[in-house]
Amino acid sequence: MKDKHSLVPGRMLLPFILVTSLFFAWGFANDITNPMVKAFSKIFRMSVTDGALVQLAFYGGYFVMALPAAIFIRRYTYKTGILMGLTLYALGTLLFIPAGMSGMYYPFLAAYFILTCGLSFLETSANPYILSMGSPETATRRLNLAQAFNPIGSLLGMYVAMNFIQSRMNPMSTEERALLSDAEFEAVKTSDISILVQPYITLGFCILLLMIVILLFPMPKAAESDDRLNIRASFRKLISIPRYREGVVAQFFYVGVQIMCWTFIIQYGTRIFTSEGMSEQDAEILSQQYNIAAMAIFCVSRFICTYLLKFFHPGRLLMWFALCSLLLIAGVICFHDIRGLYCLVGVSACMSLMFPTIYGLSLEGLGDDAKLGAAGLIMAILGGSVMPPLQAMIIDMKEVFGMPAVNISFIIPAVCFVVIACYGHARTK
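The rules behind each value
Residues numbered from 1 in each chain as written. Predicted model: local features only at pLDDT ≥ 70, side-chain atom pairs only at ≥ 80, totals over all residues. Heavy atoms only, no water. Helix = DSSP H or I, 4+ residues; strand = E, 2+ residues; numbered from the N terminus. Rg over C-alpha atoms; globule rule 2.2 N^0.38 Å. Buried < 20%, exposed > 50% of the residue type's maximum accessible area, 1.4 Å probe, protein only. Contact = heavy atoms within 4.5 Å. Polar contact = N/O pair within 3.5 Å; in protein donor to acceptor, adjacent residues only side chain to side chain. Salt bridge = Lys/Arg side-chain N within 4 Å of Asp/Glu carboxyl O. Phe/Tyr/Trp six-rings, centres within 6.5 Å; stacked < 30°, edge-to-face > 60°. Lys NZ or Arg CZ within 6 Å of the ring centre and 35° of its normal. Core = buried A, V, L, I, M, F, W, Y, C linked by side-chain atoms within 4.5 Å. Patch = residues over 30% accessible without salt bridge, like charges linked within 9 Å, V, L, I, M, F, W, Y side chains within 5 Å. Areas by Shrake-Rupley, 256 points an atom, 1.4 Å probe, with all protein chains shown as cover. Axes fitted to C-alpha atoms, helices over the stretch in contact; angles between N-to-C directions. Nonpolar A, V, L, I, M, F, W, Y, C, P; charged D, E, K, R; others polar. Parallel < 35°, antiparallel > 145°, perpendicular 65-115°, else oblique. Left-handed = near helix turned anticlockwise from the far one by under 90°.

**Focus on the overall build of the protein**
For the protein, the count of helices and strands is 23 helices and 2 strands. Scaling as 2.2 N^0.38, a compact globule of 429 residues should have a C-alpha radius of gyration of about 22 Å, and the protein matches this with 21 Å. For the protein, the C-alpha atoms occupy an extent of roughly 70 × 45 × 35 Å along the three principal directions. Counting over 429 residues, the protein shows a buried share of 59%. Long-range contacts, defined here as pairs at least 24 residues apart, represent 84% of the contacts in the protein between residues at least 6 apart.

Structure (structure tokens):
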């Protein structure tokens with residue numbers, strides 16, 4: 001009886017730990033990549049909007065592969081889905097080698113796309129697997145606990161991006177690079193690309209090692225899928241359920257707002273620090289330190305939220321946190337100094353609850369339909385591909401209504417938090 005109601009039953013503890021390591025692995029990939037929007041913009045002398053194509057390729061892979069991954073997992077097993085995900089993850093990172101040799105931007109986008117096709121397999125497999133590892137009553141808390149290790153990977157990804165990529169790139173500003181001759185620009189670009197590629201190659205070999213460990217580890221066949229189920233009928237059933245249908249929409253806006261807040265904190269902080277006389281590169285590195293602080297707060301807050309879910313309804317807690325985020329975003333827009341950056345860092349404390357809670361609420365009570373339901377929620381990660389370019393287009397305006405465009409651009413995250421608050425409120429009824 002105790003095992004039935006525990007957060008993670010004893011027989012599932014080792015598989016839980018191993019699957020939870022995957023949350024760390026894709027968190028690293030996500031947050032070594034976010035600062036690359038700014039890095040690629042400088043390396044290839046592009047606008048912020050063009051640099052944001054990194055996010056379009058990155059999160060586009062999630063969208064394209066989620067449904068094929070769900071069908072694959074139905075036919076085979078969670079473990080097979082995880083192994084396929086790790087294979088594509090490693091392949092994407094190692095494709096940085098030919099991308100770097102090409103010296104062109106678009107091969108990097110292709111590598112990111114393949115990498116995130118792998119991440120889509122991992123998330124489509126790991127999230128519902130974690131939900132199934134114990135009592136349904138503790139499923140949302142269990143997923144919050146597993147997801148708490150995702151920002152630890154993100155923190156390491158940010159640290160690597162800051163110390164092994166951003167700080168080692170040529171310190172010339174975007175404006176200074178624009179004045180270089182073609183030959184000088186090519187030399188700087190080649191050097192910066194070689195610096196950017198190295199961490200991804202190392203990551204690829206680490207993922208191959210993790211794949212071997214999981215291949216050799218016997219994973220229990222808990223709550224595996226039944227390939228006899230009618231996929232079309234399952235989808236018709238899913239979209240008829242408001243809890244699930246609205247959850248996919250809320251997840252779309254959540255992932256979008258998460259990526260915007262963590263990607264454009266670099267641009268936001270850089271504007272503040274350069275206005276105080278700091279060089280562009282130093283301002284970017286300092287802004288990344290604030291981004292790391294935001295992720296550390298996010299990580300700690302996720303453990304706190306896992307505890308709070310013992311006492312509060314998940315939907316109500318989701319609504320409160322979304323409303324707090326909305327208040328902080330108002331500060332991000334209105335303050336033009338360090339106070340706005342503090343507000344932007346604070347938003348991460350509120351966001352920590354959102355992804356796993358929306359996920360858990362959406363799949364609650366779906367039974368075996370949760371396997372395909374997971375695909376819809378992973379496809380909703382497309383929000384991280386669609387939203388950042390919209391915000392980037394505003395940032396490229398430089399100034400809007402006499403205010404810094406980067407401040408005004410956070411109106412889009414504000415809209416996202418309104419949608420999330422509405423979903424949380426609807427689930428409290």
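Still more to cover.
**A few points about the environment of Tyr-78**
Here Tyr-78 shows up in helix H6 (residues 78–94). Distance in space between the C-alpha atoms of Tyr-78 and Gly-360 is 18 Å, their sequence separation being 282 residues.

**Side note on the environment of Tyr-268**
By secondary structure assignment, the location of Tyr-268 is in helix H15 (residues 265–275). According to the relative accessible area criterion, Tyr-268 is buried, its value standing at 0%. Considered as a pair, Tyr-268 and Pro-404 are 136 residues apart in the sequence and their alpha carbons are 9.4 Å apart. Beyond its immediate stretch of four places on either side in the chain, Tyr-268 contacts Val-332, Phe-335, Gly-340, Leu-341, Leu-344, Val-406, Asn-407 and Phe-410. At 2.6 Å, the side chain of Tyr-268 forms a polar contact with the backbone oxygen of Val-332. At 3.1 Å, the side chain of Tyr-268 forms a polar contact with the backbone oxygen of Phe-335.

**Regarding the pattern of salt bridges**
Oppositely charged side chains can pair when the atoms bearing their charge come close. For the structure on display, the rule yields 6 salt bridges. Between Glu-284 and Lys-42 there is a salt bridge; the shortest N-O distance is 3.6 Å. Highlighted residues: Glu-284 in helix H16 (residues 280–308) and Lys-42 in helix H3 (residues 36–43), separated in sequence by 242 residues. Here Glu-284 falls in the buried class, since its relative accessible area comes to 5%. Lys-42 sits in the buried class, given a relative accessible area of 3%. A salt bridge links Arg-243 to Glu-364; the shortest N-O distance between them is 3.8 Å.

**Things to note about the packing of aromatic side chains**
All chains considered together, the criterion is met by 27 aromatic pairs. On the numbers, 5.5 Å between centres and 45° between planes, the contact of Phe-44 with Tyr-105 is tilted. Highlighted residues: Phe-44 in the loop between H3 and helix H4 (48–51) and Tyr-105 in the loop between helix H7 (96–102) and helix H8 (106–132), separated in sequence by 61 residues. Comparing Phe-44 with Tyr-105 shows no difference in burial state: the two are buried. Among the aromatic residues, those joined into a ring-pair cluster are Phe-40, Phe-44, Phe-58, Tyr-62, Phe-96, Tyr-105, Tyr-106, Phe-108, Tyr-112 and Tyr-200. Positioned above the aromatic ring of Phe-185 is the side chain of Arg-45, whose terminal nitrogen or guanidinium carbon lies 3.7 Å from the ring centre.

**Remarks on helix H20 (residues 370–379)**
Most of H20 is tucked away, with 9 of its 10 residues classed as buried. Of the positions making up H20, those classed as buried are Ala-370, Lys-371, Leu-372, Gly-373, Ala-374, Ala-375, Gly-376, Leu-377 and Ile-378.

**Quick word on the nonpolar core**
Counting 142 residues, the largest nonpolar core has Val-19, Leu-22, Phe-40, Leu-196, Tyr-254 and Phe-410 as the members making the most contacts within it. Here this core gets 11 residues from one element, more than from any other, and that element is H8. Apart from the residues within four sequence positions on either side, Tyr-254 is in contact with Phe-298, Met-351, Met-354, Phe-355, Ile-358 and Ile-420. Counting 6 residues, the second largest nonpolar core, distinct from the first, contains Met-65, Ala-69, Cys-117 and Phe-121.

**Considerations on a nonpolar patch on the surface**
Nonpolar side chains collect at one region of the surface, where Phe-24, Phe-149, Ile-152, Leu-156, Tyr-159, Phe-164 and Phe-303 lie side by side and expose about 560 Å² of accessible area between them. Among the elements that line the nonpolar patch, the one with the most residues is helix H10 (residues 150–166), at 4 residues. With respect to the helices and strands, Phe-303 occurs in helix H16. Here Phe-303 falls in the partly exposed class, since its relative accessible area comes to 35%.

**With respect to the packing of helix H21 (residues 383–395) against helix H23 (residues 411–427)**
Two numbers describe how H21 lies on H23: the axes approach to 9 Å, and their chain directions differ by 145°. Of H23, the residues touching H21 (which contributes Met-387, Leu-390, Gln-391 and Ile-394) are Ile-412, Pro-413 and Cys-416. Here the residues of the contact of H21 with H23 are counted per class, giving 6 nonpolar, 1 polar and no charged.

**As for unusual backbone geometry**
Of note, the phi angle at Arg-45 is positive, near 55°, even though the residue is not glycine. Backbone geometry places Lys-398, a non-glycine residue, at a positive phi of 70°. Its place among the elements puts Lys-398 in the loop between H21 and strand E1 (399–400).

**Section: the side chain of Ser-348**
Looking at the secondary structure, you find Ser-348 in helix H18 (residues 338–351). In contact with Ser-348, other than residues within four places in its own chain, are Trp-262, Ala-294 and Phe-298.

**Some remarks on the packing of helix H14 (residues 242–263) against H21**
Packing of H14 against H21 leaves a shortest axis separation of 7 Å and a crossing angle of 50°. Here H14 lies oblique to H21, going by the angle between them. By crossing handedness, the relation of H14 to H21 is classed as right-handed. Along the contact surface, H14 presents Phe-252, Phe-253, Val-255, Gly-256, Ile-259 and Met-260, while H21 presents Gly-383, Gly-384, Val-386, Met-387, Pro-388 and Gln-391. Residues of the contact of H14 with H21, tallied by class, amount to 8 nonpolar, 4 polar and no charged.

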